[in-house]
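So the chains spell out like this:
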Amino acid sequence: MPGALPRQEICPLQAAEEADRPGQGPEPWWGRGGGVPRGQVPGAQRTLGGGGRGIRRQATSHIRKPPVPPHPPGHWAASGRAALSHCPAGVQPRSAPDAEDGGGREDSEPPGGVRAAVFQVTVLSLEDHISTEFGTLRGWLAAREGEWQERLRRAGSAQLRAMQRNLQELAGKCQAAQEMLTEAQAHLPQQNTVEFLTDIKSFLDWHGSSLSYRAKKQPATPCGPNTGSRSQTLGQFKGPIQYTAWKDMKSILNIDLPRVTLDPATAHPCLVLSEDRTRVRDGHVRRPLPDTPARFDFCVAVLGAGAFTSGRRYWEVEVGEKPAWTLGVVHASISRKGKIHASPSKGFWVIRLRGGAELMAKDTPPVVLRPQALPHRIGVYLDYEGGQVSFYDARGMSHLYTFSARFAESVYPYFCPGLYDSAGNTTPLKICPLP
């Protein structure tokens, strides 16, 4: 896909402040529809033509400044969220410009004050969002910990009862053995050996049958190295507890981790897809495929196999050391024929790398991204109802860029592995499976 020229990195909030400087940018919001431009009042030019500062003061002293028009609730907060969401990593919005002419112009103060208030409201809103998200996790973990503790108490009580039964059985057997030994000792003084052996045999037979009956009536609880309470307790409650909890935690996540695959019906004829449809590269050979409306015929791109019409989704793509690629989300109705100039107005919310160095968000205007290191794995987050597409360096989940949008139709994941480039870009894009 042809890339746009590099552009100085600047977030919309900063651009808005630059436009509000006197003598720059569009006329102020209260001047629309017949108002006067910033820095001018009716009759100012005619009065200034007469010369003299006193005359100028006389001409302007009676002028009343235009009132601040009312706005619906949430107007500034919404605009502030949209502006802040576009700011790439490493770019900080600048504060409102200082007032000029000594004490400053009265008409420049409301926009700057509103912007500061919007910024504060946005920060507070994000703080509440973060607290809510982590509060949900903490609540779930606390409940999960309580369940594990209760299971441990129940298992410990059951094992303790079993051990107490074993001790009682052992005590009974010891008492029976002691009685048998005492009775056997009573037969020792007998002088007749035959009589002694006969008596002791009948005695042992009787006691042996008695012990066998007791054992059958009250079998002992198994106890040993493989069935003992300690080994079983260790296996249940000293295993990979954190990993088990992490796997179960997916049940409370308010985000779907779809198994994204590629749709070969949309793939450019030069693209080569893997059998499992999770990897794609430019094969540098155009195959004779039907030129259907769904297929890209110029841009070496392919869409995901499933459309998204609601919900929050997240997937990751391995880009490795590839010098060129484009990833993101697109409307179902995007143009798939001829050259494509990606932008949100045309249904594209994508970032791309060119020349192995220039990482750019194809916003309006395009924004050059400057992360500390080029990512090797990209995370894509889609909030359909919230109108958000965000990109992350998936290795550390550092934020790269966020688009704000209003989706009017279904959207698809978008993949462009870049051109073959004389075998310099043959590594495929790889959709990564998530746990």
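Since this is a predicted model, take the numbers as computed values, not measurements. (Residues numbered from 1 in each chain as written. Predicted model: local features only at pLDDT ≥ 70, side-chain atom pairs only at ≥ 80, totals over all residues. Heavy atoms only, no water.)

### With respect to the pattern of salt bridges
In the structure shown here, the tally under the stated rule is 12 salt bridges. One salt bridge in this structure joins arginine 154 and glutamate 150, with 3.7 Å as the shortest N-O distance. Residue arginine 154 and its partner glutamate 150 are located together in helix α5 (residues 109–187), separated by four residues, close to a single helical turn. Classification of arginine 154 as partly exposed rests on a relative accessible area of 48%. Among the charged side chains, a network of salt bridges with common partners joins Glu316, Glu318, Arg377 and Arg395. (Salt bridge = Lys/Arg side-chain N within 4 Å of Asp/Glu carboxyl O. Helix = DSSP H or I, 4+ residues; strand = E, 2+ residues; numbered from the N terminus. Buried < 20%, exposed > 50% of the residue type's maximum accessible area, 1.4 Å probe, protein only.)

### Some remarks on the sheet that holds strand β11 (residues 398–404)
What links the strands of a sheet is backbone hydrogen bonding, and the strands pair in either a parallel or an antiparallel sense. Across the sheet, which stays open at both edges, the seven strands sit in the order β1-β2-β13-β4-β9-β10-β11 with antiparallel pairing between neighbours. Among the strands making up the open sheet, the edge pair consists of β1 (271–273) and β11. Going across the sheet, the axis of each strand differs from the next one's by a mean of 20°, ignoring polarity. Note: strand β10 (residues 388–393) against β11, six bridges, orientation antiparallel. Paired with aspartate 393 across the two strands is serine 398, which belongs to β11. (Pairing = 2+ DSSP bridges. Axes fitted to C-alpha atoms, helices over the stretch in contact; angles between N-to-C directions.)

### Looking at the sheet that holds strand β8 (residues 367–369)
Pairing is antiparallel in the open sheet, where six strands are placed in the order β3-β12-β5-β6-β7-β8. Two strands close off the open sheet at either side, each with one partner strand: β3 (302–303) and β8. As judged from the three bridges shared by strand β7 (residues 358–361) and β8, these two strands associate in the antiparallel manner. Each residue of the ladder has a partner; that of leucine 359, found in β8, is leucine 369.

### Some remarks on the packing of aromatic side chains
Per the stated rule, a full pass over the model turns up seven aromatic pairs. Measuring from ring centre to ring centre gives 5.6 Å for phenylalanine 348 and tyrosine 414, while their planes differ by 85°; the resulting arrangement is edge-to-face. Placement of the pair is phenylalanine 348 in strand β6 (residues 348–354) and tyrosine 414 in strand β12 (residues 411–416), with a sequence separation of 66 residues. Tyrosine 414 gets classed as buried once you look at its relative accessible area, which sits at 0%. Summarising the aromatic geometry, the rings of tryptophan 349 and phenylalanine 407 are spaced 5.1 Å apart at their centres and angled 75° between planes, so their arrangement reads as edge-to-face. With tryptophan 349 in strand β6 and phenylalanine 407 in the loop between β11 and β12, this residue pair connects regions lying 58 residues apart in the sequence. Phenylalanine 407 matches tryptophan 349 in its accessibility class, with the two residues each being buried. Through successive ring pairs, a cluster of aromatic residues spans Phe296, Phe348 and Tyr414. Lying over the aromatic face of tryptophan 148, arginine 151 brings its terminal NZ or CZ to 4.9 Å of the ring centre. (Phe/Tyr/Trp six-rings, centres within 6.5 Å; stacked < 30°, edge-to-face > 60°. Lys NZ or Arg CZ within 6 Å of the ring centre and 35° of its normal.)

### Quick word on the confidence of the model for the protein
For any part of a model where pLDDT is low, the fine detail of the predicted coordinates should not be relied upon. Scored by pLDDT, the protein comes out at a mean of 74, with 64% of its residues at no less than 70. Considering only residues more than four positions removed or in separate chains, one finds that residues 1–109, a stretch of pLDDT under 50, has 129 contacts. For the stretch residues 223–227, pLDDT sits under 50, and the model shows six contacts to residues farther than four places along the chain or on other chains. (pLDDT = per-residue confidence, 0-100. Contact = heavy atoms within 4.5 Å.)

### Overview of unusual backbone geometry
Of all residues except glycine, most have a negative phi; of all peptide bonds, most are trans. Cis rather than trans, the peptide bond between threonine 364 and proline 365 has omega equal to 0°. For proline 365, the position within the fold is in the loop between β7 and β8. Positive phi, normally seen in glycine, also occurs at methionine 397, with a value near 60°. Mapped onto the elements of the fold, methionine 397 is located in the loop between β10 and β11. Backbone geometry places alanine 423, a non-glycine residue, at a positive phi of 65°. Inspection of the secondary structure assignment puts alanine 423 in the loop between β12 and β13 (429–432). The exposure class of alanine 423 is partly exposed, given its relative accessible area of 43%.

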